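# What the coordinates show
Single-letter residue listing:
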Amino acid sequence: MQKGRIIFHIDMNAFFASCEIKRRPELKNKAVVVARNDEQRRAIILSPNYIARDKGIKTTMSVKEAMKIDPYIVVVEPDHAYYSEISKTFMKFLYLITDQVEQGSIDEAYLDVTETVKKVENPLMLAQYIQTTLYEKFDLPCSIGIGPNKFLAKMASNYKKPLGITIFRKREIEKTIWPMDVGKMYGVGPKTKAKLNSIGVKTIKDLATYPDYNRLKTVLGNVSASTLYNWAWGNDDSKVDPNRYEDVQSISNSNTFMYDVYDVRELKQMLKVLVNTVSDRLEKEKMQAYTVSLQIKYGNFTSISRNKTVSIPVTETGEIYEIVEELFIENYDETKAVRLLGVGLAKLAPRIEKEIKQISFLDNLEEIESETQIDNLVKDVEEKFGKGIIKKGYYRKDNVRKD
Ligand SMILES: [Mg+2]
C-alpha cells in the first residue's frame, strides 16, 4: 500500500470550448458550443463554455435543443487535431512539476506530487501555482482536486468548476463524498446509476454501507462492484502511472460494407456484431480494457477515429457497446454514407479482482502503529466517530469479504 501520497487531479474546464476561445479571443464573452454544424442542428454538443452552461446548455444536448435556450449561441466545429496539440503543450508543462504524470484523457491528468510538495510550503500553494500558470500563460481554465489517492483527487477536482481547488481527505469521506448522489461518483454513468437506484442505492453512503455485497456483484458485475465499493470508502491503491498510455496491446475488428450505408439501425447492428467479436477475444485472453475506440470511414474517404478511456476497465459486451454507441452518437455524421466501421479495445490489463476493504481509517491505523502514535490516533478516531468504534472496526475488518 502506498503511504501518505499526495495526488493532484488536474481537469481542464470546458476544454474544447476553451481551446476555441484561446485562438479566437473575440468569443470570450459569448455563449460558445463545440458541435458539428449540420443543417438540421441534430449534432450533439461536445463542449459548451461556462457562459453557455450558466444558461442551462449541457454536453450531449443537440444544437437544436440548445438554440431553444439561446438562439444566439456560437456553434464552432470541433477540431480534434488542434485539441490534441494544446493537450500536448499543457502536459509538457505538467511534466515540469513532476515526472509522475499520468494522462487521464485529452484534458485531464493525475500528478503524484508527494516528492514535489516537500520543496514548497504546502500542496495548496503548488496547486494555485499550476492553476494560475495554466490560466494566464496557456489561456486554459482548470479545476484541481487534491487527495491521498487518484479517486479522491478526481472527486475533488469535480467538486468546484471552473477554477476550483478542492481537498478531499480520506477521514472526511462521511462529510465530503458520502452525502453525494451516487451518480456523482466517478465511474458511475447513467446506466450504473439506474442499476444502483433499482436496489435502493441513492447516495455514495448507501453504496458504502450496502448490506448485501453479493447483490452488488450480481447487479454491477464483479469488477465494477469491488472497484466502486472500495472507492465509496475512499480507498484506491492504483498508482499514478506515467506509462499507462504507452500500452500497445490492443484488440480490434472492422467491417467494410459492400455498398454505402445511411441506415442508422443497420450501422448500429454492425457495431453490435463487431463489439461481440472483440469482447469474445477479450474474454479468451482473460483481459480487461481501459480504452474503447470507434472508427468510421465515409463513402467520400474521409475517416474519423475516436476513443474513450474509462476509469473502471470494461469486460462485458454490454459495457463495451455502451461506450461504442456513445462515441457513435457523438461523432457520426448522418448526412454521409458509411463505408467502414471499426471497433477496438486498448490499454489492456489482466483481469484481477481486487479484494474489498471496508474500514478506511484502519489503513491509517496500521501505518501509524509502527510509529507508536497509536494512542493519539485512538483518541482522534473516538472524537470523530464515538467511543468503541475501534473495536467495532476490528470486528468488521475480520469480516472483510474477499472475492
Ligand atoms: Mg474536463
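Look up a bit, the structure's there.
The buried count for strand E5 (residues 101-105) comes to four of five residues, which makes it a mostly enclosed element. Of the strand pairs in this sheet, E5 and strand E6 (residues 108-112) are connected by four bridges, and their pairing is antiparallel. Counterpart to Val 101 in the pairing with E6 is Leu 111. Connecting E5 to the antiparallel partner E6 that follows it, the hairpin turn spans two residues.

Time to look at the environment of Arg 306. Mapped onto the elements, Arg 306 comes out in strand E11 (residues 303-314). Each C-alpha atom of the pair Arg 306 and Leu 294 lies 5.4 Å from the other, and the pair is 12 residues apart in sequence. Setting aside anything within four residues of it in sequence, one finds Arg 306 in contact with His 80, Val 292, Ser 293, Leu 294, Leu 327 and Asn 331. A polar contact of 3.3 Å, which involves the side chain of Arg 306, links it to the side chain of His 80.

Taken as a whole, this structure holds 20 salt bridges when the rule is applied. Arg 169 is paired through a salt bridge with Glu 172; the nearest N and O atoms lie 3.8 Å apart. According to the relative accessible area criterion, Arg 169 is partly exposed, its value standing at 46%. The shortest N-O distance in the salt bridge between Asp 181 and Lys 193 comes to 3.0 Å. Of this pair, Asp 181 sits in the loop between strand E8 (165-167) and helix H7 (190-198) while Lys 193 sits in helix H7; the two residues are 12 residues apart in sequence, bridging distant segments of the chain.

Counting 32 residues, the largest nonpolar core has Phe 8, Ile 10, Phe 15, Leu 94, Leu 111, Ile 130 and Leu 134 as its most contacted members. When residues of this core are traced back to their parent elements, those giving at least two are strand E1 (7-12), helix H1 (15-23), helix H4 (80-97), E6, helix H5 (123-138) and strand E7 (142-147). Per-element accounting of this core gives the leading share, eight residues, to H4. Beyond its immediate chain neighbours, meaning those up to four positions away, Phe 15 contacts Ser 47, Tyr 83, Ile 86, Ser 87, Phe 90, Ile 106, Asp 107 and Leu 140. Listed in part, the 31 residues of the second largest apolar core include Leu 274, Ile 304, Val 343 and Leu 348.

This part is about unusual backbone geometry. The linkage connecting Lys 161 with the following residue, Pro 162, adopts the cis geometry, with an omega of -10°. With respect to the helices, strands and loops of the structure, Pro 162 is situated in the loop between helix H6 (150-157) and E8. Here the phi dihedral of Lys 286 falls at roughly 55°; this positive angle occurs in a residue that is not glycine. For Lys 286, the location among the structural elements is in the loop between helix H11 (264-284) and strand E10 (287-298). Overall, the relative accessible area of 59% leaves Lys 286 in the exposed class. Positioned with a positive phi, Lys 347 is a non-glycine residue whose angle comes to about 50°. Position of Lys 347 among the secondary structure elements: in strand E12 (residues 338-350). Taking the relative accessible area as the measure of exposure, Lys 347 reaches 10% and is therefore buried.

Rules used throughout
Residues numbered from 1 in each chain as written. Predicted model: local features only at pLDDT ≥ 70, side-chain atom pairs only at ≥ 80, totals over all residues. Heavy atoms only, no water. Buried < 20%, exposed > 50% of the residue type's maximum accessible area, 1.4 Å probe, protein only. Helix = DSSP H or I, 4+ residues; strand = E, 2+ residues; numbered from the N terminus. Pairing = 2+ DSSP bridges. Contact = heavy atoms within 4.5 Å. Polar contact = N/O pair within 3.5 Å; in protein donor to acceptor, adjacent residues only side chain to side chain. Salt bridge = Lys/Arg side-chain N within 4 Å of Asp/Glu carboxyl O. Core = buried A, V, L, I, M, F, W, Y, C linked by side-chain atoms within 4.5 Å.

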